[in-house]
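Chain residues, written in single-letter form:
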Amino acid sequence: MYQTKIAGLGKYVPENVVTNDDLSKMMETNDEWITERTGIKERRHIKKGDGNSTAVMGVKAAKIAIERAGISKDDIDLIVFATLSPDYYFPGCGVQVQEMLEIDTCPALDVRNQCSGFIYGMSVADQFIKTGMYKNVLLIGSENHSGGLDFTTRGRSVSVIFGDGAGAAVLTRSDHNGEGILSTHLHSEGKHALELSLKGPSTEHWVPEIIAENPQGDDIPYYPYMNGQFVFKNAIQRFSEVINEGLQANGLEVSDIDMLIPHQANLRISQFVQQKFKLKDDQVYNNIQRYGNTTAASIPIALTEAWEEGKIKEGDIVVLAAFGSGFTWGSAIIKW
Ligand SMILES: CC(C)(COP(=O)(O)OP(=O)(O)OC[C@H]1O[C@@H](n2cnc3c(N)ncnc32)[C@H](O)[C@@H]1OP(=O)(O)O)[C@@H](O)C(=O)NCCC(=O)NCCS
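The following paragraphs examine the structure supplied in this document. (Residues numbered from 1 in each chain as written. Predicted model: local features only at pLDDT ≥ 70, side-chain atom pairs only at ≥ 80, totals over all residues. Heavy atoms only, no water.)

**Thoughts on the packing of helix H3 (residues 54-69) against helix H4 (residues 93-100)**
A packed helix pair is summarised by two numbers, namely the angle formed by the two axes and the spacing between the axes.
Item 1. Across the interface, H3 lies against H4 with an axial gap of 9 Å and an inter-helix angle of 55 degrees. Relative to H4, the element H3 lies oblique. Along this stretch, H3 crosses H4, giving a crossing that reads as right-handed. Taken together, the residues of H4 that come into contact with H3 (itself represented by Thr-54, Ala-55, Val-56 and Val-59) are Cys-93, Gln-96, Val-97 and Met-100.
Item 2. Class assignment of the residues belonging to the contact of H3 with H4 gives a composition of six nonpolar, two polar and no charged. (Axes fitted to C-alpha atoms, helices over the stretch in contact; angles between N-to-C directions. Helix = DSSP H or I, 4+ residues; strand = E, 2+ residues; numbered from the N terminus. Parallel < 35°, antiparallel > 145°, perpendicular 65-115°, else oblique. Left-handed = near helix turned anticlockwise from the far one by under 90°. Contact = heavy atoms within 4.5 Å. Nonpolar A, V, L, I, M, F, W, Y, C, P; charged D, E, K, R; others polar.)

The following block contains the structure:
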């Protein structure tokens, strides 16, 4: 069995900064409400005409990760792309990335696990590398939320939370046993699928049907729906469970954690988890204040920034954990 290590990381966020005050000009909200409930001060939104899309942002992050990994794009054996906001209903963004990177041909797999998408993708990549089937996997998480949110007061409880951006990692076969991804644990509970969901367009809600059913447009299933408090309660429980599960599987204690990078769902969720595990401020990385919740992109953006800032050193135990729509959740334990 081989082991998988992270050889390169990259991130990209659009230049367009949208503050809480900017949002308060579009809907009835304010900086105080958003800051108090979510910790978010600003987020990035794609601007029409800036050339960005989910796949384009993914490619920008990927190019940095590939360069830092010291490989050529032609060394990539598999692309795994995690997003809930693809450029097209089909095909997925993975094939767009293959084309934009000018890779002749390679397998491209799209992962549909929302906020847990990067950890699901990492687990998939890890299995392929461990078995020896592939050596280098390009894993991307990218989201263009702003294109699909309701920026009227009707959508405020969802639209203030989410932001655009992308993160990427090159995962590579490691020559040194004991370093790299030690474990991944994945879960889902589909009975709560609709508690955080976007119902249409889909085979149940095609666009003409949606328009016919909602002539007034007041209950629009092609804007996301979120049962915020229910999501919150489930998130704090599942985050804790899946971190413990990962630690136990590796015979590790909470005191072994050097850096926890939680999916940036909501600062209050991260703070709850931090308190529960009695971690110090410098053991938990948060950047939701600047980017909002970027779903599948949030962990790779945060991981890239933590690494760029020198907060992750060789030999560190880094814990990634996510929870989100599905419900899905997961963790990855990495020895850096
Ligand atoms: C979304 C969330 C911030 C809402 O906070 P909350 O304390 O549950 O607030 P509520 O939804 O109960 O709303 C409270 C009030 O604020 C109002 N409100 C909602 N969004 C608002 C906004 N953006 N600005 C101002 N007021 C807002 C509501 O209308 C409600 O008003 P009312 O009391 O007059 O009815 C919170 O539930 C949450 O963080 N949930 C988890 C979300 C999450 O992490 N999602 C991603 C998972 S991956």
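So that's the structure; there's more coming.
**Quick word on the packing of helix H8 (residues 228-249) against helix H9 (residues 267-276)**
Item 1. Close contact between H8 and H9 brings their axes to 10 Å; oriented N to C, the two are set at 40 degrees. Relative to H9, the element H8 lies oblique. For the element pair H8 and H9, the recorded crossing hand is right-handed. Here Phe-232, Ala-235, Ile-236, Phe-239, Ser-240 and Ile-243 of H8 come into contact with H9, specifically with Arg-268, Ile-269, Phe-272, Val-273 and Lys-276.
Item 2. Of the residues belonging to the contact of H8 with H9, the class tally is eight nonpolar, one polar and two charged.

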